[in-house]
Amino acid sequence: MTHEEAKRRIDKLKPLIEKYNEEYHVNDAPSVPDSEYDRLKAELIQLEEEYPDLKTDDSPTQRVGGPPLDSFQKVRHAQAMLSLDNAFDEASLRDFDRRVRDGIGDSFSYVAELKIDGLAVSLLYENGRFVRGATRGDGTTGEDITENLKTIHAIPLRLKEPVTIEVRGEAYMPKASFKALNEVREEEGGALFANPRNAAAGSLRQLDPKIAAKRNLSIFVYSVGQFDGTLDSHSETLDYLDTLGFKTNPERQRCETVEEAMAYVQYWSARRADLPYEIDGIVFKVDRLFQQEELGFTAKSPRWAIAYKFPAEEVVTQLHEVELNIGRTGVVTPTAILEPVQVAGTTVQRASLHNEDLIHEKDIRVGDYVIIKKAGDIIPEVVASLPERRTGEEEVFQMPKQCPECDSELIRIEGEVALRCVNPQCPAQLREALIHFVSRNAMNIDGLGEKIIVQLFTHGLIQDVSDLYQLKYDQLIQLERMGEKSTNNLLASIDASKGNSLEKLLFGLGIRFIGAKAARTLAERFHSMDHLRKASKEELLDVDEIGEKMADAIVQYFEQPEVSALLERLEQAGVNMSYTGPIREEAANEESPFYGKTVVLTGKLERFTRGELKDIIEQAGGKVTGSVSKKTDLVIAGEEAGSKRTKAEELGIDIWSEADLSPYI
Ligand code: IVH
């Protein structure tokens, strides 16, 4: 390829990759499978390597994170980044509304928006190119975190128009990424993040952008700072930001009165747990900019906006004891057993204490009154103790030296905060391994709840996962809670699992660092257990998404003689060891009604489990998301579908019943 040809190809690839990136990360509606995006990106990386002079700062390849920095430069904001005044109840919202009406009369409306719980950032574009991103800092001076922000795919590196503009928004970590990140950290014995906001902030304050690049952050932008163009209203500003290629939050709504505003607060306060990201309130802003100007600012916040904060989901209760749980990898996690208490609509009786260091850092003692926090669907945690309520009876918690299950010595691996039981025969680990093996994304064996699993071990019916396939009717029927029907169902379910495609078995084996997604990638690539176990580290590293740590873990896993013996037993029992699932992109079917569509599943389904229907839609080239927005193309609503169905009706989105699926599935 000549230099000229390379340039032409690069000029074609860049906008195409940007378009796919935007569809996926901004619009939540990809039109091509991930593999197509990856293929084009790999081609661009290679061309840029061959012709380095053709590599530009705004190339889509520049999101991987450059070399680590020594420190962050200070950035002075051209316009101060203020914060908002808060309202905690209807009365204070009414006070705010009265002040607004006193200032500008009654002829105005508010734009209501979700208050995203992340961290405020400023994004500067010169002639359409992203040149600098900064934290809010103290409002006047922030830190230059450009390299970290570039790794966020929802931040365009180049705008649709060559404008010079400063845009502000909230960078955040989606709940699912937060959960996955903490799971990995827990497995690695690292300190856990307390909530998605801390995780997002922690990621963006890393000097090494490679860390932020791995953290799967996103952003919603909500305002414009320095800009020479003319915009008349906040709603127009948001629409304009959309057209420039930014991601704005789709749930915004116009409100004319306090009653409408409160209805919006109540609507979202009841549904915040369904959102895939955390919100901590609602923001109301006077829409027209000339009216905003008329109202002006106090020293620290605008008079034209207010943040209605949701009530704190924190309560005080007593910590009775600390229970120790041993995970599948031997990590010992302390859990607080609490006096039951209502928080965020549920009764909480257990809460995470994360690790021993944190217990001592927060000086949490057994018998203490403690503050419990529960946010959305996040596991409740103990935030702090209340030393002023101590009676003197409280006891400082000491981690035992021995595993409470198998008595072997607990070890603290260097660099980790967690203690581990390293006995591979520890019954707790074997039990957890089996719970994982039968779980839905793994072998999907129904009817094997925790209580039954514990009995299987205590009755000596099982030592490792392969023994599952040797279980007999006569053995199962003797267990508590096992009737004739449940025994037969369980045996049928165990039998059916033998036919699972390789990725389910791979995930179920619980190889360190291999989640469901990596397992699928490995199965698609190697097709059989035999090929995979013979793969060298280099061959593994050759696979997209498989990094150093994963490759090492796979090689080490298959080197163990016990693993060879286990796999042999599974194979003897008739468990399938090869990939039978379709290769996703081949299955993607342009004729399918789901191809390129964003679909939401809601209500009770009869014919399929949610997981099955999701697989079918994804294999046909569609995408399944959790919440209904104007970007949703189709809602499949089963029995008793609630708010999502209502929302879809409001937005005029197609709604199908399960029966409507019949011609296609
Ligand atoms: S508007 C003049 N809109 O909440 C302040 N802020 O104290 C303009 N936030 O610092 C902020 N979602 O970090 C605005 N939709 C939203 C927001 C939002 C989250 C954060 C932002 C700000 C804080 C308010």
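Remember, predicted model here, so these are calculated numbers, not experimental data.

About the thresholds
Residues numbered from 1 in each chain as written. Predicted model: local features only at pLDDT ≥ 70, side-chain atom pairs only at ≥ 80, totals over all residues. Heavy atoms only, no water. Pairing = 2+ DSSP bridges. Helix = DSSP H or I, 4+ residues; strand = E, 2+ residues; numbered from the N terminus. Axes fitted to C-alpha atoms, helices over the stretch in contact; angles between N-to-C directions. Contact = heavy atoms within 4.5 Å. Near = heavy atom within 4 Å. Polar contact = N/O pair within 3.5 Å; in protein donor to acceptor, adjacent residues only side chain to side chain. Areas by Shrake-Rupley, 256 points an atom, 1.4 Å probe, with all protein chains shown as cover. Nonpolar A, V, L, I, M, F, W, Y, C, P; charged D, E, K, R; others polar. Buried < 20%, exposed > 50% of the residue type's maximum accessible area, 1.4 Å probe, protein only. Expected span 1.5 Å × (residues − 1). Arc of directions from axis to C-beta. Core = buried A, V, L, I, M, F, W, Y, C linked by side-chain atoms within 4.5 Å. Patch = residues over 30% accessible without salt bridge, like charges linked within 9 Å, V, L, I, M, F, W, Y side chains within 5 Å. Salt bridge = Lys/Arg side-chain N within 4 Å of Asp/Glu carboxyl O. Right-handed = clockwise from strand over helix to strand, strands pointing away. Phe/Tyr/Trp six-rings, centres within 6.5 Å; stacked < 30°, edge-to-face > 60°. Lys NZ or Arg CZ within 6 Å of the ring centre and 35° of its normal.

### Here we look at the sheet that holds strand β21 (residues 598-602)
Then, number 1: Spatially, the four strands line up as an open sheet ordered β22-β21-β23-β24, and their pairing is parallel. In the strand order of this sheet, the two ends are held by β22 (623-625) and β24 (654-656), each with one partner. Taken pair by pair, the neighbouring strands of this sheet meet at an average axis angle of 30°, ignoring direction.
Then, number 2: The pairing of strand β23 (residues 634-637) with β24 spans three bridges and is classified as parallel. The residue of β24 that forms the bridge with Leu634 is Asp654.
Then, number 3: Contacting β21, β22 and β23, helix α23 (residues 610-619) runs over the sheet at an angle of about 170° to β21.

### Focus on the site of the ligand
Then, number 1: In the vicinity of the ligand lie 13 residues, with Leu84, Glu113, Ile116, Glu170 and Lys285 positioned nearest.
Then, number 2: One nitrogen or oxygen atom from the main chain of Leu84 is found 2.9 Å from an oxygen atom belonging to the ligand.
Then, number 3: For the ligand, whose unbound accessible area comes to 520 Å², protein coverage reaches 87%.
Then, number 4: Residue assignment for the shell around the ligand shows that the elements contributing at least two residues are β3 (110-116) and β10 (279-286).
Then, number 5: For the shell around the ligand, the leading source of residues is β3, giving four residues.
Then, number 6: Per-class residue counts for the shell around the ligand are eight nonpolar, one polar and four charged.

### Re unusual backbone geometry
Then, number 1: The phi dihedral of Arg481 is positive, around 70°, even though this residue is not glycine.
Then, number 2: Mapped onto the secondary structure, Arg481 falls in the loop between α14 (473-476) and α15 (484-497).
Then, number 3: Since its relative accessible area comes to 63%, Arg481 is described here as exposed.
Then, number 4: Although it is not a glycine, Phe513 sits at a positive phi angle of roughly 70°.
Then, number 5: Turning to its location among the elements, Phe513 is positioned in the loop between α16 (502-508) and α17 (516-526).

### Side note on helix α20 (residues 548-559)
Then, number 1: The end-to-end C-alpha distance of α20, which contains 12 residues, comes to 17 Å, matching closely the 16 Å that a straight helix rising 1.5 Å per residue would cover.
Then, number 2: Residues of α20 that are buried include every one of Ala551, Ala553, Ile554, Tyr557 and Phe558, and no others. Considered in projection along α20, the buried side chains sweep an arc of 165° and stay on one side of the axis. More than 90 degrees from the buried face of α20, the exposed residues found are Gln556 and Glu559.
Then, number 3: Buried positions along α20 lie against α17, α18 (529-534), α19 (537-541) and α21 (561-572).

### Some remarks on the sheet that holds strand β11 (residues 305-309)
Then, number 1: Spatial ordering of the open sheet is given by β2-β11-β10-β3-β9, a layout of five strands whose pairing is mixed. Two strands lie at the open edges of the sheet, namely β2 (86-87) and β9 (253-255), each paired on one side alone.
Then, number 2: Here seven bridges tie β3 to β10, and the two strands are oriented antiparallel to one another. Directly across from Leu114, in β10, lies its bridge partner Ile282.
Then, number 3: Together, β3, β9 and β10 form the strand contacts of helix α8 (residues 234-244), whose direction differs from that of β3 by roughly 55°.
Then, number 4: Of the strands in this sheet, β3, β9, β10 and β11 are in contact with helix α9 (residues 258-271), which crosses β10 at around 160°.

### Some words on the environment of Asp34
Then, number 1: Relative to the helices and strands, Asp34 resides in helix α2 (residues 34-50).
Then, number 2: Of the residues examined, Asp34 reaches a relative accessible area of 29% and is grouped as partly exposed.
Then, number 3: In the structure, Asp34 is positioned 587 residues away from Gly621 in sequence and 9.9 Å away in space, judged by C-alpha atoms.

### Notes on the side chain of His436
Then, number 1: One can find His436 in helix α12 (residues 427-438).
Then, number 2: Given a relative accessible area of 11%, His436 falls into the buried group.
Then, number 3: Within polar-contact distance, the side chain of His436 engages the backbone oxygen of Phe507 at 2.8 Å.

### A word on the nonpolar core
Then, number 1: Phe437, Leu468, Tyr469 and Leu570 are the most contacted members of the largest nonpolar core, which totals 52 residues.
Then, number 2: Elements that contribute at least two residues to this core include exactly α12, α13 (450-458), α15, α16, α17, α18, α20 and α21.
Then, number 3: Ranked by residues supplied to this core, first place goes to α17 with five residues.
Then, number 4: Those residues in contact with Tyr469, other than ones at most four positions away along the chain, are Phe437, Met443, Ile445, Ile494, Ser497, Lys498, Leu570, Ala573 and Val575.
Then, number 5: Ile145, Leu149, Ile219 and Leu238 belong to the second-largest nonpolar core, a separate cluster that totals 35 residues.

### Let's talk about a nonpolar patch on the surface
Then, number 1: Taken together, the side chains of Ile411, Ile413 and Val422 define a hydrophobic patch exposed on the protein surface, amounting to about 220 Å² of accessible area.
Then, number 2: Structurally, the position occupied by Ile413 is in the loop between β19 (410-411) and β20 (419-421).

### Some words on the pattern of salt bridges
Oppositely charged side chains may form a pair once their charged atoms are brought near each other.
Then, number 1: The tally for this structure, following the rule as stated, stands at 41 salt bridges.
Then, number 2: A salt bridge links Glu4 to Arg8; the nearest nitrogen and oxygen atoms lie 3.8 Å apart. Of this pair, Glu4 and Arg8 both sit in helix α1 (residues 3-25), four residues apart, which is roughly one turn of the helix.
Then, number 3: By relative accessible area, which is 47% here, Glu4 ends up partly exposed.
Then, number 4: The shortest N-O distance in the salt bridge between Lys614 and Glu618 comes to 3.2 Å. Of the two residues, Lys614 and Glu618 both sit in helix α23, four residues apart, roughly one turn of that helix.
Then, number 5: The class of Lys614 is partly exposed, set by a relative accessible area of 33%.

### Section: the pairing of β23
Then, number 1: The alternating pattern of β23 places Leu634 and Ile636 on one face and Val635 and Ala637 on the opposite face, and all of these are buried.
Then, number 2: Pairing analysis gives four bridges linking β21 to β23, with the strands arranged parallel. When the sheet's bridge partners are listed, Val599 is paired in β23 with Leu634.
Then, number 3: For the handedness criterion, the β-α-β arrangement of β23, helix α24 (residues 643-651) and β24 is classed as right-handed.

### A look at the environment of Ile653
Then, number 1: Within the element layout of this structure, Ile653 appears in the loop between α24 and β24.
Then, number 2: The spatial distance from the C-alpha of Ile653 to the C-alpha of Thr632 is 7.1 Å, given a sequence separation of 21 residues.
Then, number 3: Beyond its immediate sequence surroundings of up to four residues, Ile653 is in contact with Val628, Ser629, Thr632, Asp633, Leu634, Val635 and Ala648.

### Some thoughts on the packing of aromatic side chains
Then, number 1: Considering all chains together, one arrives at 13 aromatic pairs under this definition.
Then, number 2: Ring plane angle 15° and centroid distance 5.1 Å describe the contact between Tyr172 and Phe220, whose orientation is recorded as stacked. Placement of Tyr172 in strand β7 (residues 165-172) and of Phe220 in strand β8 (residues 218-227) is noted, with a sequence separation of 48 residues between them.
Then, number 3: Seen from their ring centres, Tyr172 and Tyr277 are 5.5 Å apart, and the 55° between their planes marks the pair as tilted. Highlighted residues: Tyr172 in strand β7 and Tyr277 in the loop between α9 and β10, separated in sequence by 105 residues.
Then, number 4: Through pairs of rings, three or more aromatic residues link up here, namely Phe96, Phe108, Tyr110 and Phe284.
Then, number 5: A cation sits over an aromatic face here: Arg389 above Tyr369, 3.7 Å from the ring centre.
Then, number 6: Sitting over the ring of Tyr24, Lys623 keeps its end group 4.7 Å from the ring centre.

Geometry only, nothing functional implied.
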